[in-house]
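Structural overview
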Amino acid sequence: MANLGDLFVIIFYLTVAAGIFAAVVLFSRSRRKQKEQLDRIEAKLNDLAGK
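This write-up is about the structure you can find in this document. Counting of residues starts from 1 at the beginning of each chain's written sequence and follows it residue by residue. Per-residue local features of the predicted model are confined to residues with pLDDT of at least 70, and side-chain atom pairs are confined, for both listing and counting, to 80 or more; whole-chain, interface and lining totals are unaffected and use all residues. Think of the side-chain values as coming from all heavy atoms in the structure, minus any hydrogens and water.

1. Points about the overall build of the protein
Within the protein, the regular secondary structure consists of 1 helix and 0 strands. Whereas a compact globule of 51 residues would reach a radius of gyration of roughly 10 Å, the protein reaches 22 Å, over 25% beyond that. The principal-axis extent of the C-alpha atoms belonging to the protein is close to 70 × 10 × 5 Å. Expressed as a percentage of its 51 residues, the buried residues of the protein come to 0%. Just so you have it, the protein exposes about 4900 Å², and 68% of that area is on carbon and sulfur atoms. A gap of 4 Å separates the mean positions of the 8 positive and 5 negative side-chain charges of the protein. Helical segments are the DSSP runs of H or I of at least four residues, strand segments are the runs of E of at least two, and each set is numbered from the N terminus. Atoms counted for the radius of gyration: C-alpha only. Globule rule: 2.2 Å times the number of residues to the power 0.38. Burial classes follow relative accessibility: with a 1.4 Å probe on protein chains only, a residue under 20% of its type's maximum area counts as buried, one over 50% as exposed, and anything between as partly exposed. Each accessible area value is a Shrake-Rupley result obtained with a 1.4 Å probe; residue values ignore everything except the protein chains displayed when judging cover. Positive charges come from Lys and Arg alone, negative charges from Asp and Glu alone, with His and the N- and C-terminal ends not counted. Charged groups are reduced to one reference atom each: NZ for lysine, CZ for arginine, CG for aspartic acid, CD for glutamic acid.

Put into structure tokens, the structure is as follows:
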């Protein structure tokens, strides 16, 4: 049976890995939303400019 220290280390590494994965997902979602917002703004500006 694994001792308590080994379990803590495994839990720590799994938490770090999950945190990195979550950061990548949140960053990519944020960039996509920002791009969509910029596309909407560009379309509105083009409409105002008559293009």
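Structure shown, so let's carry the discussion forward.
2. Some remarks on a nonpolar patch on the surface
Only residues above 30% relative accessible area that lack a salt bridge enter a patch, with like-charged residues linked at up to 9 Å and the nonpolar side chains Val, Leu, Ile, Met, Phe, Trp and Tyr linked at up to 5 Å. For this document, the term salt bridge refers to a Lys or Arg side-chain nitrogen within 4 Å of an Asp or Glu carboxyl oxygen. Among the surface-exposed residues, Leu4, Leu7, Phe8, Ile10, Ile11 and Leu14 lie close enough to one another that they form a single nonpolar patch of about 620 Å² accessible area. Residue position: Leu4 is located in helix α1 (residues 4-49).

3. Thoughts on the environment of Val9
With respect to the secondary-structure elements, Val9 resides in helix α1. Distance from Val9 to Arg31, taken between C-alpha atoms, is 33 Å for residues 22 residues apart in sequence.

4. Brief notes about α1
Between the first and last residue of a helix there are one fewer steps than residues, each counted as 1.5 Å, and that sum is the expected span. Between its first and last C-alpha atoms α1 spans 67 Å; for 46 residues at 1.5 Å apiece the expected length is 68 Å, and the two agree. Between N or O atoms, a polar contact is any pair within 3.5 Å; within protein, one atom must be a potential hydrogen donor and the other a potential acceptor, and residues adjacent in sequence are included only when both atoms are from side chains. N-cap assignment for α1: the residue whose side-chain oxygen lies 3.1 Å from the backbone N of Gly5 is Asn3.

5. Here we look at the environment of Val25
One can find Val25 in helix α1. Given a relative accessible area of 33%, Val25 falls into the partly exposed group. Expressed as a C-alpha distance, the spacing of Val25 and Phe8, which sit 17 residues apart in the sequence, is 26 Å.

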